[in-house]
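Read off the chains here:
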Amino acid sequence: MNLFSKVSRTAGKNSPLEEEVRKLPVPVNSVFLGKDGRIEPAEFRQTDMTLGSKGHERIEQVFPETSAKNGSAILEAVVAGGSRGTAGKRVAVLFSGGPAAGGHNVLVGLAAVLGKDNTLLGVRKGPGGLVKGDLFEIDRRSVSSIMNMGGFDFLGTDRTKIKTAEQFEKVKQTVVKNRLDGLVVVGGDDSNTNAAFIAEHLEKEGVRCSVIGVPKTIDGDLAAGKYLPIPFGFDTATKIYAELVGNLTQDAASAVKYYHFVKLMGRTASKITLEVALQTKPAVALISEEIAEKNMSLEAIVDHIARIITLRRLNGLNHGVILVPEGLVEFIPEMGRLIAELNKVLVEYATDIADLPSLEHKREFLFPHLTAQSAQVMASLPPDLQETLILDRDDHGNVKVSQIETEKLLIEKIRYRLSEMKRHTDRFFGREEGKIEASAQQVEDFKKVSLSVQSHFLGYEGRCSKPSRFDAAFTFQLGMAAGSLVLSGKTGYMAAVTDFHKGGRVLALPLTGLISTEMRGGKEEFVIKRSLVELSSPSFRLYAENRDRWAREDCFSSPGAIQYWGPTCRQVSMLVALDQEYPDFASFDLGEEKQVLVE
Ligand code: FBP
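Residues numbered from 1 in each chain as written. Predicted model: local features only at pLDDT ≥ 70, side-chain atom pairs only at ≥ 80, totals over all residues. Heavy atoms only, no water.

Engineer: Tell me about the sheet that holds strand 3 (residues 73–80), and please be specific about residues and values.
Structural biologist: Reading across the sheet, the 9 strands line up as 2-3-14-13-8-7-4-5-6 and stay open at both edges, with mixed pairing between neighbours. Because the sheet does not close on itself, it has two edges, and the strands there are strand 2 (42–50) and strand 6 (135–137). Across this sheet, the average inter-strand angle for adjacent strands is 30 degrees, counted without regard to direction. Here 6 bridges tie strand 2 to strand 3, and the two strands are oriented antiparallel to one another. Residue pairing in the sheet places Q46 in a bridge with L75 of strand 3. (Pairing = 2+ DSSP bridges. Helix = DSSP H or I, 4+ residues; strand = E, 2+ residues; numbered from the N terminus. Axes fitted to C-alpha atoms, helices over the stretch in contact; angles between N-to-C directions.)

Engineer: Talk me through helix 13 (residues 298–314); I want residue IDs and the actual numbers.
Structural biologist: Here helix 13 is 17 residues long and its end C-alpha atoms lie 24 Å apart, about the 24 Å a rise of 1.5 Å per residue gives. Within helix 13, the full set of buried residues consists of L298, I301, V302, I305, A306, I308, I309, T310, R312, R313 and L314. Just past helix 13, the residue G316 takes up positive phi, approximately 85 degrees. (Expected span 1.5 Å × (residues − 1). Buried < 20%, exposed > 50% of the residue type's maximum accessible area, 1.4 Å probe, protein only.)

Engineer: Just give me the short version of the site of the ligand, but keep the residues and values in it.
Structural biologist: Around the ligand, 14 residues are found, and the nearest of them are G98, K216, D219, E326 and Y460. Backbone polar atom of G266 to an oxygen atom of the ligand: 3.3 Å apart, as the coordinates give it. Considered on its own, the ligand offers 480 Å² of accessible surface; in the complex 87% of this is hidden by protein. Its residues placed into classes, the shell around the ligand shows 3 nonpolar, 5 polar and 6 charged. A domain split of the shell around the ligand shows at least three residues from each of domain 1 (36–233 + 467–520) and domain 2 (235–462). (Near = heavy atom within 4 Å. Polar contact = N/O pair within 3.5 Å; in protein donor to acceptor, adjacent residues only side chain to side chain. Areas by Shrake-Rupley, 256 points an atom, 1.4 Å probe, with all protein chains shown as cover. Nonpolar A, V, L, I, M, F, W, Y, C, P; charged D, E, K, R; others polar. Domains from an automatic or database assignment.)

What follows is the structure, encoded as structure tokens:
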């Protein structure tokens, strides 16, 4: 074959790396291995571990069928062969919400455990496709082509929230028309809440179809402590961001003139930022949860960063990397209050606001409904930020924080603060408490240096990579677990895996045990509570203990690209290893490695 043909052959996900990665073996937990070494569904048994959350009585009222059926007990996969020989079952799978690396291996795991005698169907474009009834039968041969491949493109995804009676009726029709025995929903907190409602509705309607959730989100905020340390996608996304941030720290110290402000995805939790900080040791990493806890205003955050930039300057460093979590604005107390007020007004006056012709009219309408303090905050924001806060909510009522240029807002304010410091040196430098100690010469030198910045947003580039070895392995177990639960007729559970460092335990968590009540937009909502950075967690404590040194000196480290082979390919995230108290982060173990062939 000549070079021309070799290069054209790489089209359609056939780059040399993709071809090799596709062939990589994945671990198979012993609970999915029959005596002849073939993959079989696992049998799940009840354990004495339980889950339960705030507002339990209300949850029992809203989910009477599934909560009575499942109770709060966690199930554990104990042995292979649970539903061996089951045939003729029809199971559909859908992706929901933002993409995350490893989704395709969930499908491969499902196909492997269902075997040739059952049918796997794909739902196109997420929950929206389920409502429309847009399903297709997955050809088993095509499953091998997506093994270890990134993205969600095999099915597509969307963010439809299934909430109206009409939507639930349509979902029921899709289930009945396609004779589905099972529905697997791969998604984050909102999507698994959707799954809990669908499971309940189908039970109520007497439609026998197992609804099983699979935990996914790069944000890392769908977790259940020791039962589910992290959802899939976080590991790969943070490895990608850490590589890029590692490169930027190196660039900063090489070009010796730039501060790189990097906004990192994570709509609510700052887990991604914390993990990337642990891996790269930047000059600053803001953690939203800490900012909320310390009640830090926007001005206090600006002060904090300006101070670090100044101290570094006095130390001879005029460069560095500053990490900003995507969800920051909602955690800054005055911004959080403003968003909460806006959410309420936007729901209460939805139709009136929708009828208004322009943004200006909407603003005029909203201002009198805000408290004086929030109106003042709103007025102080740049117009594009005001627009995002007013206009954009996703189907689940979330502000589209990925569109808010927080890093640019901070840059603008920090520039202003530094120029103020240059103009009024006696206000900022001196021996008194709160002032920065510096000699007259240092202050003069400080005045001569200007701030050069580059801003970056790392988000979408981390969601669709080929999964890390960890995510490939994790998702394959999740797919096999979900398939096993469906074949054994369980409904209203989320598949989970824990103990990544010692073989892996495969669990099923009752969805109603994960749901709690929350006020959103002034209304009581039933949601799976997001798992945020705990300030008492080992991962945060490690960061907090080291950050002053990382701020003063250049201590960065560069973890490099995701490794698929070799000594560093089996690392789990530092956050998981620290918070789960593993002895090391270097080597996960999820079972015996196998070359998986779905025929
Ligand atoms: P999920 O929780 O649905 O997986 O989405 C995660 C995420 O990547 C967030 O980090 C980000 O805020 C959001 O999706 C962006 O998605 P969109 O462009 O659809 O708003």
